[in-house]
Each structure stands twice: as C-alpha cells, then as structure tokens.
Amino acid sequence: MTSERHAIIVGAGLGGLAAAVGLRVSGWRVSVLERAPKLAPVGTGISIYPQALRALRTIGLGAELDALEYGLVAHGIKSPGGEWLTRVDGEEAAELWRGPITGFHRADIAELLLGHLPSDSLHLGATVDAVEGAADGTLDVVTEDGRRF
C-alpha cells in the first residue's frame, strides 16, 4: 500500500509558498499553515538574486515572472549609519552574481505563488501548537484550535 506524500509547511511567506509550489511540482500534497487570519500584502519590493530566480523558473513560474514588471537592482552594503560602503549598479551586479538581481513587487510574487496552489492547501488562522509522532513514524501537526494535519 502506497500512501501519498504529504508535507506540512508552517508559514505562508514567500519562502513557505515557494517551498509548497516546489513540493507540489514534485508530486507532494501540501498543507500551508498560516497563523494570520487573512493574507495581506506585506512590504513593497523584493530583490531576487539569479539563483533564486532560476529556482522559481524550475518550479514552473518562468513565463509568469517574465510577464511581471521588474527592473535590475543595484547591489551594495551600507554602514549602520546609512553610508554606502560598497555599491555596484545593476549591470555590474549581474556580472558579479552571474545574472541580474531582479526587483519585483513583493505582492506580485506572493500572488503568483498562491496561484500555483489549490485553494484547499492554504489554512489561515492556523497557529501550530504541537507536533506529535505516531507509532508508524508519521507526524501530526496540531493547531491551537485542535485541527490535525
């Protein structure tokens, strides 16, 4: 008897959503648990480095990423006081990192990722309370309101 592989991801931030989409592409059933009662855009922009952009393309988001408005991002390090210690423009950064550092609106990336997950895989208002092991080696994730995943 073969059971379906099921992954529980705690947190519906960009990392959690990207992990969920990647696992779904690999044939897993996923449940994303988010303690917030609703998802709302957080932040304004995000810089995505070439390796992360390649990973997003690998899980099937290439055409949709290309359709979003984006721009090349400069790269640098600032002192705690805000002065630039080192800085390179977008083209220099692309050469340094072997690909462009691309800026996107954070909410666009979240929406794109959510669009690749079935609606029943996202569980809002789900604060994890415990993780319990079973005799067969599986784990149950239990939320504060008693739901088990």
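Right above here is the structure, for reference.
Residues numbered from 1 in each chain as written. Predicted model: local features only at pLDDT ≥ 70, side-chain atom pairs only at ≥ 80, totals over all residues. Heavy atoms only, no water.

A.B. asks: Let's hear about the pattern of salt bridges: which residues, and what values?
C.D. replies: Scanning the entire structure with this criterion turns up five salt bridges. Notably, a salt bridge pairs Glu132 with Arg148, separated by 2.4 Å at the nearest N-O pair. Of this pair, Glu132 sits in strand β9 (residues 128-133) while Arg148 is found in the segment after β10 (139-143), placing the two residues 16 residues apart along the sequence. One salt bridge in this structure joins Asp140 and Arg148, with 3.4 Å as the shortest N-O distance. Taking relative accessible area as the criterion, Asp140 reaches 28% and is therefore assigned partly exposed. For Arg148, a relative accessible area of 47% translates into the label partly exposed. Residues joined in a network through salt bridges with shared partners are Glu132, Asp140 and Arg148. (Salt bridge = Lys/Arg side-chain N within 4 Å of Asp/Glu carboxyl O. Helix = DSSP H or I, 4+ residues; strand = E, 2+ residues; numbered from the N terminus. Buried < 20%, exposed > 50% of the residue type's maximum accessible area, 1.4 Å probe, protein only.)

A.B. asks: Residues and numbers for the pairing of β10, please.
C.D. replies: Judged from the five bridges that link them, β9 and β10 form a sheet pairing that is antiparallel. Looking at the pairing, Gly133 lines up with Leu139 of β10. Hairpin remark: β9 followed by β10, antiparallel, with five residues in the connecting loop; positive phi at Gly137, about 90°. (Pairing = 2+ DSSP bridges.)

A.B. asks: Give a description of the side chain of Ser121 that names residues and reports values.
C.D. replies: Position of Ser121 among the secondary structure elements: in the loop between α4 (106-114) and β8 (122-124). On the basis of relative accessibility, which here comes to 2%, the residue Ser121 falls in the buried class. Only 2.7 Å separates the side chain of Ser121 from the backbone oxygen of Pro118, close enough to count as a polar contact. Among residues more than four places away in sequence, those in contact with Ser121 are Val30, Ser31 and Val32. (Polar contact = N/O pair within 3.5 Å; in protein donor to acceptor, adjacent residues only side chain to side chain. Contact = heavy atoms within 4.5 Å.)

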